[in-house]
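Next come the chains, spelled out residue by residue.
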Amino acid sequence: MNLDSLYQEIILDHYKKPLGSGLQDNFSGEAFHVNTSCGDEVTVRVLLDGNQILNMTHEGVGCSISRASASVLHALTKEETTETFHVLLDNFVDLMHSQGKVVPDEEVLGDAAAFAGVSKYPARVKCALLPWMAMKDAIEGAGNE
Amino acid sequence: MNLDSLYQEIILDHYKKPLGSGLQDNFSGEAFHVNTSCGDEVTVRVLLDGNQILNMTHEGVGCSISRASASVLHALTKEETTETFHVLLDNFVDLMHSQGKVVPDEEVLGDAAAFAGVSKYPARVKCALLPWMAMKDAIEGAGNE
Amino acid sequence: MTLDLGQELKDDFPILSHKVRGVSDLVYLDSAATSQKPKVVIAAESNFYTSTNATVHRSGHELGELASAAYEAARENIARFVGIEPGNLIFTKNATEGINLVAYAVLNATLLAKSGDKRYNKLAIGAEDSIVITEMEHHANIVPWQHLAQVTGARLEYLKVDESGRLDIDESKFSKSTKIVAITHQSNVLGSVTDVAKIVRFANKVGAMVVLDACQSVPHFNVDFKLLGVSAAAWSGHKMLGPTGVGCLYLNDELLGELPPFLLGGNMIENVTYESSTFRSDNAKFEAGTMNIAQVVGLSAAVDYLKNVGMNVIHEHVRELTGAALKGMLSMPGIRILGPTDLTDREGLVSFEVDGVHPHDVSQFLDSKGVAVRAGHHCAWPLHRKLGAVASSRASFYLYNTKEDVDVFLAALDQIRDYFKVA
Amino acid sequence: MTLDLGQELKDDFPILSHKVRGVSDLVYLDSAATSQKPKVVIAAESNFYTSTNATVHRSGHELGELASAAYEAARENIARFVGIEPGNLIFTKNATEGINLVAYAVLNATLLAKSGDKRYNKLAIGAEDSIVITEMEHHANIVPWQHLAQVTGARLEYLKVDESGRLDIDESKFSKSTKIVAITHQSNVLGSVTDVAKIVRFANKVGAMVVLDACQSVPHFNVDFKLLGVSAAAWSGHKMLGPTGVGCLYLNDELLGELPPFLLGGNMIENVTYESSTFRSDNAKFEAGTMNIAQVVGLSAAVDYLKNVGMNVIHEHVRELTGAALKGMLSMPGIRILGPTDLTDREGLVSFEVDGVHPHDVSQFLDSKGVAVRAGHHCAWPLHRKLGAVASSRASFYLYNTKEDVDVFLAALDQIRDYFKVA
Ligand SMILES: Cc1ncc(COP(=O)(O)O)c(C=O)c1O
Ligand SMILES: Cc1ncc(COP(=O)(O)O)c(C=O)c1O
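A few points on the structure.

About the cut-offs
Residue numbers run consecutively from 1 along every chain, following the written order of its sequence. As a convention, the first chain written is A and the first ligand written is 1, with the rest following in written order. Where totals are concerned, whole chains, interfaces and linings use all residues; where local detail is concerned, this predicted model gives features only for residues with pLDDT of at least 70, and gives and counts side-chain atom pairs only at 80 or more. To get the side-chain values, take all heavy atoms of the structure and skip hydrogens and water. By the criteria applied, helices consist of DSSP H or I runs no shorter than four residues and strands consist of E runs no shorter than two, each listed in order from the N terminus. Each radius of gyration is computed over the set of C-alpha atoms, and the globule rule expresses the reference value as 2.2 Å times the number of residues to the power 0.38. Exposure is judged per residue with a 1.4 Å probe applied to protein chains only, and the accessible area is read against the type maximum: over 50% gives exposed, under 20% gives buried, and values in between give partly exposed. Strands are labelled as partners when DSSP assigns at least two bridges between them. In this analysis, axes come from line fits to C-alpha atoms, helices being fitted only over the stretch in contact, and the angle between any two N-to-C directions falls in the range 0 to 180 degrees. Only heavy atoms matter for contacts: two residues are in contact if any of them lie within 4.5 Å across the pair. Salt bridges are defined as contacts in which a side-chain nitrogen from Lys or Arg sits within 4 Å of a carboxyl oxygen from Asp or Glu. By the criterion applied in these results, polar contacts are pairs of N or O atoms within 3.5 Å in which, for protein atoms, one can donate a hydrogen and the other can accept it, and in which residues neighboring in sequence qualify only through two side-chain atoms. Each residue gets one label: Ala, Val, Leu, Ile, Met, Phe, Trp, Tyr, Cys and Pro are nonpolar, Asp, Glu, Lys and Arg are charged, and the others, such as Gly, are polar. A cutoff of 4 Å decides nearness: a residue is near a molecule or strand if any of its heavy atoms lies inside that distance of it. In short, Shrake-Rupley with a 1.4 Å probe defines the accessible areas, and a residue's cover is counted only from the protein chains shown. Two aromatic rings, drawn from Phe, Tyr or Trp (for Trp, its six-membered ring), form a pair once their centres lie within 6.5 Å of each other, and the interplanar angle then sorts them: stacked below 30 degrees, edge-to-face above 60, tilted otherwise. For classification purposes, angles smaller than 35 degrees are called roughly parallel, those larger than 145 roughly antiparallel, those between 65 and 115 roughly perpendicular, and all remaining angles oblique. When the near helix sits turned anticlockwise from the far one by under a right angle, the crossing is termed left-handed; a clockwise turn instead gives a right-handed crossing. Copies are brought into register by a least-squares superposition over C-alpha atoms of residues with pLDDT of at least 70 in both.

## Describing the overall build of chain C
Tallying secondary structure elements over chain C gives 14 helices and 18 strands in all. The C-alpha radius of gyration computed for chain C amounts to 22 Å, which stays within 12% of the reference 22 Å derived for 423 residues, consistent with globular compactness. In terms of overall dimensions, chain C has a C-alpha envelope of 70 × 55 × 35 Å along the principal axes. Taking all 423 residues of chain C together, 71% fall into the buried category.

Here it is in structure tokens:
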């Protein structure tokens, strides 16, 4: 296994210059998630208009995988519907649990396809999923208000 | 190892017809001991006159080894001094922990020498010692009154 | 036909070729205390140490990944074996710890509720509540509840054992005040099997949780805790061909979510500050510190072995051996059997007294013929008192025993009263 | 000279020939989490299963005798290794259970005293009492005391860690209200070693018990608990070449006699009736249920192995490796070491941060070179917060590591910031 399959160029770029980093003041839902085994954390805020995701922003401390994942997620969901988010989420979760055996659909996943290599490192799957799970909860939380 | 070395004739005889069985009403000290792993129990009463053991009696439920041991102890200590009891006790304890490697001194131990075989069965050592330990406590208890 | 099973499997269990006192062939009839281990289980533990060993869930390096994967795969395998989801399975060191975990978690709920934490009001118990257990419990399923009752003021009540040695499931013992019902699935003294479905029905009516001591059932027949509908179940690995040092606890979703933690430390936390801590909400909440990883992996290999032979085959085989033993013993003078004397609702062990000979002497005599049985109160002292026995001897059977083992046992048993001159 | 020790011993540890990700030689620098096992330990456990396996203390048959003898001989051997009598040693499943045992036994004493049992008045604690721990404790030595404090109302106080990463033993924290002082012998994050004698002196003055977390000390240097004068000490077998699933707890005579039991069930009882129970007064009081017998026997083999190599030799070897690692790291840009940077009162592990690279990424990169280190908060989350670190990476050394291991580690470490483009 080559480390570069995990740390793809795209991931390291997102890590260095994360998109959507810094929490927006105006939001419909928020969630805070933490990886209890290492202490990494992320806060995600979503601003919705009905089922339309206007913006997702995030803040946190974490490894390159979890920070880059949040950045990619920002770009991927901007001005998409919450339904689309859930399709992406299902796709991404499947990819993460594929142990390197699934070829990601770049059409659907865009930059998130670069995380395919993570699935070969089970200990890192949680890192990649952290912002996704937080965003899921943030959207749910928004619905409840 | 031959089972007959454990269950010597003398032991089985004492088991069938125990001496000193049945508690005397008149006594100076009493102790109740129990083997927690099997539930065997014995009550020992001693009647003392100063350091003179007038009589030791016992009652209990237990295996052939522990019942025979109480019977032998009755015979062995009758009209002996408490000092003699302690010499016998030390001797008997040493014998029990000898793992079959010590030849008992029949002059000193009398019928108790027949328990030599018990020392080869570590699980049974507690059985043989049960009435001895109870008698030791009964004598100590008498001293405290 | 299945009588040959023991013969077929014997080579898988190296210890069975042991010569007792250097001379007699070992006839191991003490599996109810602990079972012997097949080679594959011993190898699974060894292999873990030589190829995979690391801490789980906390290391990112490759060995850590492999160890975590092995541990969780074992959890999945063991959980499926008893009809539950892996997320509802918690590993302990033995069944005793599992039962204590539930009792102490309820105690913690009670204390935390008192200190103002409303989340635990529902589980808290007090002087107006009762805990129902049975007269045939192992100490492990008595003493933790006595303690809980003592320090919370709750009442401890007993379901009775009837004349035949079976449980009398008296519905009047179940009331609105009943919070916990703790019962054994199979008595380790009488061999009688509890009608768990009936217990669960009565308990559900009054809203009590049912804690099952499954030590003697899981090794012997197909058990499905979800189907049985119990709230919790504890059992040991070492009685089902697994290593020592590992036990299992099933908690249903409700208890898993609602019980506060018991052992406190690493891995089970969500967050720790100098002031206070919060805890995981999944089964990790109950697994504090470095776990018995190699033993869990070994237990999974034991489950594979049992599945391979087939639980139905094992069950049938043990029943036949038990039937043969009962038949032989019933026809012998001076033998008193504790528990049912027929095979209805009773399984593979026979406790007995030999008239005039103490159980220690019985087992010692049998040992001299190579036959290993257990003598004592089998950690069920109150039951022995009720039955009017100081102690008893117990012969218990498992998949590796043969019909010949039973014959050797019966032949030896038949000589005992002569040897001790009480016949 | 001792730098060659790791080379000499390598063949005894089969796992060390593992190829990481199929290619790199394994450089195992995670022994502070769990150590690897020599062949003799693996064999001791296997041999127990193939020749001796039975329950202990409860079976009269020969295997039962052999198993009991093996278990108690192991207890004697392990006890002598740390300067204590076998009667003062209790086996647990891990160090976490040992610390919980003490905390829960004190809780039980408190509850039993409240319910009127005067024997426990002395040990009972309440709102007027305090428990003193330190800022550098592992969660296992924080959370149980937080819980005890919460449910009894006692105050929890912290001894501080100073700038250099060493403990500031401030006598003003010890007062007549102090009942328990719980400290680590060696920090699993900072590597700093506690002046236990000083703690004991201060604690004795105010009559507080001292509970020592000896997880990181017993594996690494000669420890004599009697000489140290602590009241209790807990440590794990798996960090000292022993199997998983076994830990040890030392209780001095006073605590052994006075603490009420914790886990309740078979073996630890004196008498059980349906109404109530009494308990053994010796160490068996704390060993409920079927114990981790094979693992205890394995741990005894680990002790033999350690004695054979020599604790002083091991200590010296690990110090040299640690010194070499520290030296290399101090000369590298962008590396921050947590804890003392010299070898005074500090032992064989180095936690560190790499500027701009998260510890997970650090350990992942090292893993790609075969180097296994741990990343995370090492179950000492509050300490990490205090040090201003989300998490850290930790390299820890043991007898089987070589100077070459340190070189491979340093060379890999030196490339990390380039790889992640933060140099
Ligand atoms: C200092 C310290 N205390 C306690 C523990 C907990 O030990 P265990 O996980 O074996 O219970 C550890 C190891 O994880 C440790 O390093
Ligand atoms: C019915 C029953 N319950 C509980 C136990 C306790 O199991 P363990 O000793 O493995 O904790 C046993 C076995 O000893 C048992 O037979």
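Back to the write-up after that little detour.
## Thoughts on the sheet that holds strand E14 (residues 335–338) of chain D
Residue and element names in this part refer to chain D. Ordered in space as E14-E15-E18-E17, the four strands form an open sheet in which the pairing is antiparallel. Edge strands, defined here as strands with exactly one partner in the open sheet, are E14 and strand E17 (374–376). Along the sheet, successive strands turn relative to each other by an average axial angle of 30°, direction set aside. By the bridge criterion, four bridges tie strand E15 (residues 349–354) to strand E18 (residues 392–396) in an arrangement that is antiparallel. Within E18, the residue paired with Val-350 across the bridge is Ala-395. Sheet contacts for helix H10 (residues 311–330): E14 and E15; angle to E15, the most-contacted strand, approximately 15°.

## Here we look at the interface of chain C and chain B
Taken residue by residue, the interface counts 18 residues in chain C and 24 residues in chain B. Put simply, chain C and chain B have two salt bridges between them. Two residues, Arg124(B) and Asp361(C), come together in a salt bridge whose shortest N-O distance is 2.9 Å. Joining chain C to chain B, the criterion identifies 10 residue pairs in polar contact (both at pLDDT 80 or more). If you tally residues by element for the side of chain C that touches chain B, the top one is helix H11 (residues 359–368) of chain C, at five residues. Classifying every residue of the side of chain C that touches chain B by side-chain character gives eight nonpolar, seven polar and three charged.

## With respect to helix H5 (residues 143–152) of chain C
All names here are of chain C. Most of H5 sits out of view: nine of its 10 residues are buried. Those residues of H5 that sit buried are Val-143, Pro-144, Trp-145, Gln-146, His-147, Leu-148, Ala-149, Val-151 and Thr-152. In the segment just after H5, Gly-153 is the residue with positive phi, at about 85°.

## Concerning the interface of chain D and chain C
Interface extent is often summarised as the accessible area lost during association of the parts. Every contact between the two is made by 99 residues of chain D and, on the other side, 99 residues of chain C. Across the chain D-chain C interface, the total number found is four salt bridges. For Glu65(C), the salt bridge identified is with Arg21(D), shortest N-O distance 3.0 Å. Linking chain D with chain C are 53 residue pairs in polar contact (both at pLDDT 80 or more), by the criterion used here. Looking at the side of chain D that touches chain C element by element, the count peaks at eight residues for helix H4 (residues 95–114) of chain D. Residue classes in the side of chain D that touches chain C are distributed as 43 nonpolar, 39 polar and 17 charged.

## Some thoughts on the site of ligand 2
Near ligand 2 lie 15 residues; those nearest to it are Thr96(C), Asp213(C), Ser236(C), Lys239(C) and Thr290(D). A distance of 2.7 Å separates an oxygen atom of ligand 2 from a polar side-chain atom of Gln216(C). Here Ser236(C) contributes a side-chain N or O atom positioned 2.5 Å from an oxygen atom of ligand 2. Compared with its free state, where it exposes 390 Å², ligand 2 has 98% of that area covered by protein. Classifying every residue of the shell around ligand 2 by side-chain character gives three nonpolar, 10 polar and two charged.

## Here's the deal with the site of ligand 1
Surrounding ligand 1, one finds 15 residues, the nearest of these being Thr290(C), Thr96(D), Asp213(D), Ser236(D) and Lys239(D). Neighbouring residues of ligand 1 are distributed over chains C and D. Between Thr96(D) and ligand 1, the recorded distance is 2.5 Å, taken from a side-chain N or O atom to an oxygen atom. Side-chain polar atom of Gln216(D) to an oxygen atom of ligand 1: 2.8 Å apart, as the coordinates give it. For ligand 1, the protein covers 98% of the area, taking 390 Å² as the surface of the free molecule.

## Looking at the packing of aromatic side chains
In total, this model carries 40 aromatic pairs over all chains according to the counting rule given. Arranged with centres 4.2 Å apart and planes meeting at 10°, the rings of Phe92(B) and Trp132(B) form a pair that is stacked. Linking Phe92(B) in helix H4 (residues 82–96) with Trp132(B) in helix H6 (residues 122–143), this pair joins segments that are 40 residues apart in sequence. Among the residues examined, Trp132(B) registers a relative accessible area of 1% and is labelled buried. Relative to Phe262(D), the ring of Tyr104(D) has its centre 5.3 Å away and its plane inclined at 15°; by these criteria the two rings are stacked. Highlighted residues: Tyr104(D) in helix H4 and Phe262(D) in the loop between helix H8 (253–258) and strand E12 (269–272), separated in sequence by 158 residues. Judged by its relative accessible area of 2%, Tyr104(D) is buried. Members of the aromatic cluster, each reached through a chain of ring pairs, are Tyr7(A), Phe365(D), Tyr419(D) and Phe420(D).

## A closer look at the packing of helix H3 (residues 62–81) of chain C against helix H9 (residues 293–309) of chain C
All names here are of chain C. Running from N to C, H3 and H9 cross one another at 40°; their axes reach a closest spacing of 9 Å. Classed by the angle they form, the pair H3 and H9 counts as oblique. Viewed along their axes, H3 and H9 form a crossing whose handedness is left-handed. Contacts between H3 and H9 involve Ala-70, Tyr-71, Ala-74, Asn-77, Ile-78 and Phe-81 on the former and, on the latter, Ile-293, Val-296, Val-297, Leu-299, Ser-300, Val-303, Asp-304, Leu-306 and Lys-307.

## Structural notes on the side chain of Thr77(A)
Residue and element names in this part refer to chain A. Along the chain, the position of Thr-77 falls in helix H3 (residues 64–77). For Thr-77, a relative accessible area of 1% puts it in the buried group. Setting aside residues no more than four positions away along its own chain, Thr-77 makes contact with Ile-53, Met-56, Phe-85, Leu-88 and Met-135.

## Here we look at the relation of the copies chain D and chain C
Laying chain D over chain C is done by rotating through 180° and shifting 0.0 Å along the axis; what remains is an RMSD of 0.0 Å. Here the two chains are linked by the operation of a two-fold rotation axis. Counting the interface residues of chain D, we find that 100% of their copies in chain C are interface residues as well, pointing to one common contact surface.

Shape is all these values report; function is a separate question.
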